[in-house]
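Chains, contacts and geometry: an overview
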Amino acid sequence: MAMLEVKDLHVYYGVIQALKGISFEVNEGEVIALIGANGAGKTTILHTISGLIAPKKGSITFEGQEITKIPAHKIVENGLAQVPEGRRVFSGLTVQQNLQMGAYTRRDGKEAIQNDFDMVFDLLPRLKERRNQPAGTLSGGEQQMLAMGRALMCKPKMLLLDEPSMGLSPLLVKEIFKIIRQVNRNGVTVLLVEQNAKMALEIANRAYVLETGTIKMEGEATELANNIEVRKAYLGCE
């Protein structure tokens, strides 16, 4: 049984249909990439899974439980955490306080939460150096790390990442993707929305190519990376 199963998802913004019968699955331990142009529906998928948008039709199942109609905070408690596009850290709070916000819904005790603070600081040592610094004073890359660390403080089983490389230098993009790999190796399943298709396909097990609210192609990431159509449209290759 898939860890996450999305079936026949239809989502509208007013009269405009953003998702047109999307179906896909994510197995435990995988990194799955959703790639496609702006407006393809990638972020809408993540928002619908997270409970921020209600679908008109379709179902979302996580670890065998239907989550389509449960509140967003309950979805987080069930083990699904999203790192939003644009990072959206609490700029007036310190790095430490932002991470504490990630643990807000947890009820497993101070020791377990402290262990995860240590884990986040081991994974992202730059955050440890800046733990008492206001989040708004961090660089874009550091804010992306903080957004990821905050999501990890929820103790997720699956991480939903929305355009983690956006606005970052090539050097920082490599660093962020290295962190995503390590998060996955640590046992967290990853669903990745990313416009940098080359980097996404390098770390993903499988991928789905979206086009105007539908899945145009799917398969092993290595196969899609070598597909002529994908290379021309998303990888800048002739």
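Residues numbered from 1 in each chain as written. Predicted model: local features only at pLDDT ≥ 70, side-chain atom pairs only at ≥ 80, totals over all residues. Heavy atoms only, no water.

In this fold, His10 is placed in strand β1 (residues 4–13). Within polar-contact distance, the side chain of His10 engages the side chain of Asp8 at 3.0 Å. Excluding its chain neighbours within four sequence positions, the residues that come into contact with His10 are Gln17, Leu19, Lys20, Gly21, Pro55, Lys56 and Lys57. (Helix = DSSP H or I, 4+ residues; strand = E, 2+ residues; numbered from the N terminus. Polar contact = N/O pair within 3.5 Å; in protein donor to acceptor, adjacent residues only side chain to side chain. Contact = heavy atoms within 4.5 Å.)

Evaluated as defined, the whole model comprises twelve salt bridges. The partner of Lys157 in a salt bridge is Glu63, and the shortest N-O contact between them spans 2.8 Å. One end of the pair, Lys157, is in the loop between α6 (140–152) and β7 (158–162); the other, Glu63, is in the loop between β4 (57–62) and β5 (65–66), with 94 residues separating them in the sequence. When the shortest N-O distance is used, the salt bridge between Lys74 and Glu77 registers 3.6 Å. Placement of both Lys74 and Glu77 in helix α2 (residues 72–77) is noted, with a separation of three residues, approximately one turn of the helix. (Salt bridge = Lys/Arg side-chain N within 4 Å of Asp/Glu carboxyl O.)

Attention shifts here to the sheet that holds strand β10 (residues 214–220). One open sheet holds the six strands; their spatial order is β6-β7-β8-β3-β9-β10, and the pairing between them is mixed. Bordering the open sheet on either side are β6 (80–83) and β10, each of which pairs with just one other strand. Averaged over all adjacent pairs, the angle separating strand axes in this sheet is 15 degrees, with direction ignored. Sitting on the sheet, α6 is in contact with β6 and β7, with an inclination near 170 degrees to β6. (Pairing = 2+ DSSP bridges. Axes fitted to C-alpha atoms, helices over the stretch in contact; angles between N-to-C directions.)

Note that every value here comes from positions in space, so none of it alone points to a role or purpose.
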